Amino acid sequence: MFGIFFEEINHAGAGGLWAELVSNRGFEAGGSNTPSNIDPWLIIGDESNIIVATDRSSCFASNPIALRMEVLCGASETNACPSGGVGIYNPGYWGMNIERTNVYRVTIYIRSSESVELMVSLTSSDGLQNLASHTIMGDKEDFVEWTKVEFDLQSNYINTNSRLQLTTTKSGIIWFDQVSLMPSDTYMGHGFRKDLASMLANLKPRFLKFPGGNYVMGNYLINAFRWSETVGPWEERPGHFNDAWAYWTDDGLGFFEFLQLAEDLGACPVWVVNDGASIYEGVPSATIAAFVKDVVNGIEFARGDPETAWGSVRAAMGHPEPFQLYYVSIGNQECSKYYYKDNYVKFYSAIKASYPDIKIISSCDRSAISSDNPADLYDVHVYTSSGDMFSKSRMFDNTARTGPKVLALLLLPQLSSFYNWLVMSYIICILQAIVSEYAVTGNDAGRGTLIAALAEAAFLIGLERNSDVVEMASCAPLFVNDNDQRWNPDAIVFNSWQHYGCPNYWMLHFFKDSSSATLHPSTIQLPNYDQLVTSAITWNNPHDGNTYMKIKVVNFGSKAVSLNISVTGLETDIQTFGSIKTVLTSGWLRDENSFQQPDKVVPAASPITNAGKQMGVILNSYSLTSFDLLLDSESQVRASIQAYD
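Labelled according to an unreviewed UniProt entry, the protein chain appears under the name non-reducing end alpha-L-arabinofuranosidase, originating from Zea mays. Database annotation for the protein chain, UniProt heading Subcellular location (unreviewed entry): "Secreted, Extracellular space, Extracellular matrix".

Quick look at the structure:
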């Protein structure tokens, strides 16, 4: 039911979840014309001592750009280099976080026509403090061809704003390519930043939808996400410009890594494919066959035996077992595009012919697709104000209980008026869906406010109550790098060394036990007050083996409410001790978390002293409250819940 949606936006992956510390590691970000911009690389020294420029001398055919560094100074007294040498440095993504005693793996490809004496160092941002260093030495013949050099650096200090620098005091020309700095300690050992990936794992997501969003499409097809160019050895991936959000991605976080992350999180992967459409372009049906074949090949990469053409590529990457890919989304909110419906049929037919067990998600709702254009799930995106989001807790109450289910994704603020119109068309036509993107937008959304989180909680309770027609739900975006806030609000905010969850991130913790739980009917009898939304489930805690009844209530109003909760039809008793009340609230409805106050709006838990089938409770104003009632046994539970004044 509840999962997560990752999009490469706000430097969520490059400089975020993906732990690579070097930005523009292959010098490709400036484009294929040379010389090109090597940002954010900068020189150490001045132009009288050093000249750097890109050229097309790389040993990698798919990413031919390398960096040529000509050192004009040397050891002679007449033209001596500065004592610290000259060279280049990379500040990473707004500073590298280097931690004391941690080990960092350095990889560099080097070529030189002369002997090499190169110092590789981790330093403070001004280069004055040396954190760790290693010297690469070699004779002329050692580097006449491109040579891969790998070693570890262990820092003696901590510095949250560090840089990697390559310096020498020897004159001559050295070429560099694919300069990488990766922490050795990553999530599950698979290259993900440990603190950020743990934030995702703590949500217990049941699916991971990736890689976007507009990122899948690109503004133009030349910059769309192409899965086949993001697999294989990282050095050979060309990378591409993320023109939807205006930054370079080296595609270290590629198709394989997304599948691996889903597996590490215990989540089902949901792949959003490029269907031949970008924001401003579209491939006509007469020439879409190559795009269709590309998607089928991608499924073979994920699921094929190691003996298949693409399955062998996955196996060579260290994963001979197939990934559990059973969901494919055809495009990203593209129903109104001219070629979408005709192209969709071709994707659907080809995928089902080879993989009939895959569930296919359409960008169109049921009313916009004819019986000739079937779908397993229809995608719905919801962007709206907090008040309207709260009212949409009943959005699916009257949905017909026949036909395909719904995938619900709640979206955060969208920038394009075209998409605002498109979303409105979904809201008008919706019958059944997967809500894959949802978000409160507008003035009260801020960078993630309490009131926005409560409105989204009410909406999710509505989806939970309608889980027979809503199969999946996820919020978006997940991440924002504090230095690149292109889209707000988001669930998790981070920089090079800090992170915190916004109120809507903590709100999601109230739903992490809902998947695979049993839903029970619940009603509220409270005359003259329509600001409450509730649901009730029973769930099993895998850690202690206990069964709990969880009653969730959103109070979206400005007054505290006294309620009497009555549980009827329960075939077991509620234990006197061991039940927990958890509340998400704050002093002001627009309160937000921050690096300075990361715990300003977080859930607070306390024991329930009057746990039983009849309970008097008080709900704070503007709050989300859950009552986890410990049951006597794990026997099947049938119950209904009433709340009244």
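So, next bit.
Bringing the overall build of the protein chain into the picture now. Along the backbone of the protein chain there are ten helices and 35 strands. Its C-alpha atoms give the protein chain a radius of gyration of 27 Å, near enough to 26 Å, the size a compact globule of 645 residues would have. Principal-axis analysis of the C-alpha atoms gives the protein chain an extent of 90 × 60 × 45 Å. Here the protein chain holds 645 residues, and 59% of them are scored as buried. Within the protein chain, residue pairs in contact and separated by at least 24 positions form 77% of the contacts whose partners lie at least 6 positions apart. For the protein chain, the distance from the average site of its 42 positive side-chain charges to the average site of its 69 negative ones is 6 Å.

One way to put it is that helix H4 (residues 289–303) packs onto helix H5 (residues 309–316) with a least axis distance of 7 Å and a crossing angle of 45°. With respect to H5, the axis of H4 lies oblique. The crossing of H4 and H5 is right-handed. Touching Asn-297, Glu-300, Phe-301, Ala-302 and Arg-303 of H4 are Ala-309, Trp-310, Gly-311, Val-313 and Arg-314, all from H5. A class-by-class count of the residues in the contact of H4 with H5 yields five nonpolar, two polar and three charged.

Per the stated rule, a full pass over the model turns up two disulfides. The partner cysteine of Cys-73 in its disulfide is Cys-81, sulfur to sulfur 2.0 Å. Judged by the sign of its S-S torsion, about 95°, the cystine formed by Cys-73 and Cys-81 is right-handed. In this structure Cys-73 comes out as buried when scored by relative accessible area, which is 1%. Look at Cys-81 and you get buried, because its relative accessible area is 13%. Regarding the disulfides, the protein chain carries the connectivity 1-2, 3-4 under sequence-order numbering of its bonded cysteines.

Counted under the stated rule, the structure contains 27 aromatic pairs. A ring pair is formed by Phe-210 and Phe-258, whose centres lie 5.0 Å apart and whose planes are at 10°; its orientation type is stacked. On the criterion of sequence distance, the pair formed by Phe-210 in strand E13 (residues 207–210) and Phe-258 in helix H3 (residues 255–265) is long-range, its members being 48 residues apart. Like Phe-210, the residue Phe-258 is buried in the burial classification. Taken together, the ring pairs connect Phe-6, Phe-210, Trp-227, Phe-255, Phe-256, Phe-258, Trp-271, Phe-301, Trp-310, Phe-323, Phe-479 and Phe-494 into an aromatic cluster. Lying over the aromatic face of Tyr-89, Arg-163 brings its terminal NZ or CZ to 3.8 Å of the ring centre.

Let us now look at the environment of Asp-243. Within the element layout of this structure, Asp-243 appears in the loop between strand E14 (240–242) and strand E15 (247–249). With relative accessibility at 11%, the residue Asp-243 sits in the buried group. Setting aside anything within four residues of it in sequence, one finds Asp-243 in contact with Gly-218, Asn-219, Tyr-220 and Asn-223. Polar side-chain contacts of Asp-243 include one of 3.0 Å to the side chain of Asn-223.

Before going further, it helps to spend a moment on the sheet that holds strand E31 (residues 580–584). For sheets, the rule is that strands pair by backbone hydrogen bonds, running either parallel or antiparallel. Reading across from one edge, E26-E28-E29-E34-E31-E32 is the order of the six strands in this open sheet, with antiparallel pairing throughout. A single partner strand is all that each edge strand has here, and the edge strands are strand E26 (518–520) and strand E32 (604–607). Shown here is a sheet whose adjacent strand axes are inclined to one another by a mean of 20°, direction ignored. Direction of pairing for strand E28 (residues 532–540) relative to strand E29 (residues 547–555): antiparallel, over a ladder of nine bridges. Its bridge partner lying in E29, Val-533 is registered against Val-554. Relative to the sheet, helix H9 (residues 450–465) contacts E26, E28, E29, E31 and strand E34 (623–630), its axis offset from that of E28 by approximately 60°.

According to UniProt, the feature "domain: Alpha-L-arabinofuranosidase C-terminal" (unreviewed entry) maps to residues 436–623 in the numbering used here. Structurally, residues 436–623 comprises 12% helix and 37% strand, and the distance from its first C-alpha atom to its last is 25 Å.

Before going further, it helps to spend a moment on unusual backbone geometry. Omega for the bond connecting Thr-34 with Pro-35 falls within 30 degrees of zero, at -5°, which places this linkage in the cis form. With respect to the element layout, Pro-35 can be found in the loop between strand E1 (4–5) and strand E2 (42–44).

To continue, consider the packing of H3 against H4. At their nearest, the axes of H3 and H4 sit 11 Å apart, and the two run at 50° to each other. With respect to each other, H3 and H4 are oriented oblique. The two elements H3 and H4 cross, and the hand of that crossing is right-handed. On H4, the residues touching Phe-255, Phe-256 and Leu-259 of H3 are Gly-298, Phe-301 and Ala-302. Classifying every residue of the contact of H3 with H4 by side-chain character gives five nonpolar, one polar and no charged.

Below, the discussion takes up the environment of Val-295. Inspection of the secondary structure assignment puts Val-295 in helix H4. Sequence separation between Val-295 and Ala-517 is 222 residues; the distance between their C-alpha atoms is 34 Å. In this structure Val-295 touches Trp-271, Val-273, Asn-274, Phe-347 and Ile-351, once residues within four positions along its chain are discounted.

The set of residues buried in helix H1 (residues 194–201) consists of Leu-196, Ala-197, Met-199 and Leu-200. Looking straight down H1, one finds that the buried residues subtend no more than 150° of arc, so they occupy a single side. In this fold, the buried residues of H1 make contact with E1, H3, strand E23 (479–481), strand E24 (492–494), strand E25 (499–501) and helix H10 (503–508).

Conventions and cut-offs
Residues numbered from 1 in each chain as written. Predicted model: local features only at pLDDT ≥ 70, side-chain atom pairs only at ≥ 80, totals over all residues. Heavy atoms only, no water. UniProt positions renumbered as here; feature names shortened; annotations may be inferred. Helix = DSSP H or I, 4+ residues; strand = E, 2+ residues; numbered from the N terminus. Rg over C-alpha atoms; globule rule 2.2 N^0.38 Å. Buried < 20%, exposed > 50% of the residue type's maximum accessible area, 1.4 Å probe, protein only. Contact = heavy atoms within 4.5 Å. Lys, Arg positive; Asp, Glu negative; His and termini not counted. Charge placed at Lys NZ, Arg CZ, Asp CG, Glu CD. Axes fitted to C-alpha atoms, helices over the stretch in contact; angles between N-to-C directions. Parallel < 35°, antiparallel > 145°, perpendicular 65-115°, else oblique. Left-handed = near helix turned anticlockwise from the far one by under 90°. Nonpolar A, V, L, I, M, F, W, Y, C, P; charged D, E, K, R; others polar. Disulfide = S-S within 2.5 Å. Phe/Tyr/Trp six-rings, centres within 6.5 Å; stacked < 30°, edge-to-face > 60°. Lys NZ or Arg CZ within 6 Å of the ring centre and 35° of its normal. Polar contact = N/O pair within 3.5 Å; in protein donor to acceptor, adjacent residues only side chain to side chain. Pairing = 2+ DSSP bridges. Arc of directions from axis to C-beta.

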